[in-house]
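Take a look at the letters that make up each chain.
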Amino acid sequence: MGRLDDRVALISGAARGQGEAEARAFVDEGASVAVADILDDEGEALAGELGEHAAFFHLDVTDEEQWSAAVAATVDRFGGLDILVNNAGILRFSAIRDTSLDDYMRIINVNQVGVFLGMRAVIPTMAERHRGSIINVSSTEGMAGLAGLVAYSSAKWAVRGLSKVGAMELGSDGIRVNTIVPGGVETPLVQSAGIDMDISGWFKQLPLGRIGKPAEIAALAVFLASDESSYCTGAEFVADGGLTAGFSVDM
Ligand code: NAD
């Protein structure tokens, strides 16, 4: 028996990276998954590989109408919607003084507004069944700042607020809302961020001494999607290899 048997999930940004790992883990645990992304070829290929319990739907998370269409298509295909993972995100390094309003808003629109639109889009169908788990993906940059990530960090702080308000408003509808806070995870997001640094070398400083793997975030998402987390809402679940545990000194 799977931990997500008979559940239906929509995962934004699921064509690759952590979203892909979540789609694989959810199907392994018995769920049906709507793989939603702007990367049509990668998304179609993943859904094809996962088989009859997955389908790809094009979704730009900044677009209200595409959210309505993706939710309707998911319900139409799988008969309901129990789980939303607001996972889609983009990251660009740029100092405040070099960041145009357009640059800033591009990141806010995907990483923050996209989460708001996703939550709002699934409320009617989840409330009707009095059952739902919404999982919003923040970041350790949503718990502290990182120079060069003004828009990203702002949006990731906002995601924690969106989850808290969602939890307060939706508990009485049977909908739980929680936040995953990943630290560094080895995905195309990090690999293409254009940071001039030895990424794997930097992560050696962490208590766990390495960068995270997408499957380690997916495991947390399975827990939050399942009834194992039935008393958790409005909470934040950090998976960062100890990044936010503190500082160390030479002894
Ligand atoms: P990724 O780049 O591998 O995957 C992100 C996915 O989001 C891609 O498939 C991309 O096409 C999709 N996407 C981008 N814009 C979109 C849009 N407008 N509409 C729909 N889909 C869109 O990155 P990832 O590392 O897997 O990131 C997943 C989430 O985890 C993001 O929210 C990211 O901010 C967060 N996160 C990542 C890390 C990390 O170190 N990788 C750390 C903390 C938080």
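Residues numbered from 1 in each chain as written. Predicted model: local features only at pLDDT ≥ 70, side-chain atom pairs only at ≥ 80, totals over all residues. Heavy atoms only, no water.

Draft legend 1. Just the overall build of the protein chain, in detail. Of the regular secondary structure elements, the protein chain holds eight helices and seven strands. Against the globule reference of 18 Å for 251 residues, the protein chain gives a C-alpha radius of gyration of 17 Å, in line with a compact fold. Over its C-alpha atoms, taken along the principal directions, the protein chain stretches across nearly 55 × 40 × 40 Å. Expressed as a percentage of the 251 residues in the protein chain, the buried residues total 48%. Restricting the contact set of the protein chain to residue pairs at least 6 apart, pairs at least 24 apart contribute 69%. Counting every atom, the protein chain has about 12200 Å² of accessible surface; 53% of that belongs to carbon and sulfur. When the 18 basic and 35 acidic side-chain charges of the protein chain are each reduced to a single mean position, those positions are 4 Å apart. (Helix = DSSP H or I, 4+ residues; strand = E, 2+ residues; numbered from the N terminus. Rg over C-alpha atoms; globule rule 2.2 N^0.38 Å. Buried < 20%, exposed > 50% of the residue type's maximum accessible area, 1.4 Å probe, protein only. Contact = heavy atoms within 4.5 Å. Areas by Shrake-Rupley, 256 points an atom, 1.4 Å probe, with all protein chains shown as cover. Lys, Arg positive; Asp, Glu negative; His and termini not counted. Charge placed at Lys NZ, Arg CZ, Asp CG, Glu CD.)

Draft legend 2. Layout of the pattern of salt bridges. Scanning the entire structure with this criterion turns up 12 salt bridges. Put simply, Arg7 and Asp227 hold a salt bridge, and the shortest N to O gap is 3.0 Å. With Arg7 in the segment before strand 1 (8–12) and Asp227 in the loop between helix 8 (214–225) and strand 7 (236–239), the pair connects residues that are 220 residues apart, well separated along the chain. Residue classification places Arg7 among the buried positions, given a relative accessible area of 14%. When salt bridges that share partners are traced, they join Arg3, Glu29 and Glu228 into one network. (Salt bridge = Lys/Arg side-chain N within 4 Å of Asp/Glu carboxyl O.)

Draft legend 3. Spotlight on the packing of helix 1 (residues 17–28) against helix 2 (residues 40–50). At a minimum axis distance of 11 Å, the contact between helix 1 and helix 2 shows a crossing angle of 15°. On the basis of their axis angle, the class for helix 1 and helix 2 is roughly parallel. Considering the relative orientation of helix 1 and helix 2, their crossing is right-handed. Where helix 1 abuts helix 2, its residues Glu20, Ala23, Arg24 and Val27 lie against Leu46, Glu49 and Leu50. Among the residues forming the contact of helix 1 with helix 2, the class breakdown is four nonpolar, no polar and three charged. (Axes fitted to C-alpha atoms, helices over the stretch in contact; angles between N-to-C directions. Parallel < 35°, antiparallel > 145°, perpendicular 65-115°, else oblique. Left-handed = near helix turned anticlockwise from the far one by under 90°. Nonpolar A, V, L, I, M, F, W, Y, C, P; charged D, E, K, R; others polar.)

Draft legend 4. Seen up close, the site of the ligand. As a structural note, the neighbourhood of the ligand is formed by 28 residues, with Asp37, Asn87, Tyr152, Val185 and Thr187 the closest of them. Gln18 is positioned with one of its backbone polar atoms (N or O) 2.8 Å from an oxygen atom of the ligand. Residue Asn87 places a main-chain N or O atom 2.7 Å away from an oxygen atom belonging to the ligand. Mapped onto the shell around the ligand, the elements with two or more residues apiece are helix 1, helix 5 (150–170) and helix 6 (188–191). Of the residues forming the shell around the ligand, the biggest block, three residues, is contributed by helix 6. (Near = heavy atom within 4 Å. Polar contact = N/O pair within 3.5 Å; in protein donor to acceptor, adjacent residues only side chain to side chain.)

Draft legend 5. Quick look at the side chain of Thr125. Turning to its location among the elements, Thr125 is positioned in helix 4 (residues 101–129). Other than its neighbours up to four places away in sequence, Thr125 contacts Val71, Val75 and Leu81.

Draft legend 6. Highlighting the pairing of strand 5 (residues 132–137). Across the six residues of strand 5, six count as buried, placing the element largely inside the fold. Residues Gly132, Ile134 and Asn136 point to one face of strand 5 and Ser133, Ile135 and Val137 to the other, with burial holding for every one of them. Relative to strand 6 (residues 175–182), strand 5 runs parallel, the two sharing six bridges. By the bridge assignment for strand 6, Ile135 is matched with Asn178. Considered for its hand, the β-α-β crossover made up of strand 5, helix 5 and strand 6 is right-handed. (Pairing = 2+ DSSP bridges. Right-handed = clockwise from strand over helix to strand, strands pointing away.)

Draft legend 7. Inspection of helix 1 at higher detail. Look at helix 1: 17 Å from first C-alpha to last across 12 residues, which is about the 16 Å you get at 1.5 Å a residue. Listed in full, the buried residues belonging to helix 1 are Gly17, Gln18, Gly19, Ala21, Glu22, Ala23, Ala25, Phe26 and Val27. (Expected span 1.5 Å × (residues − 1).)

Draft legend 8. Examining the environment of Val249 more closely. Along the chain, Val249 turns up in the segment after strand 7. We classify Val249 as exposed; its relative accessible area is 66%. Once the C-alpha coordinates of Val249 and Phe57 are considered, the two residues, 192 residues apart in sequence, prove to be 49 Å apart.

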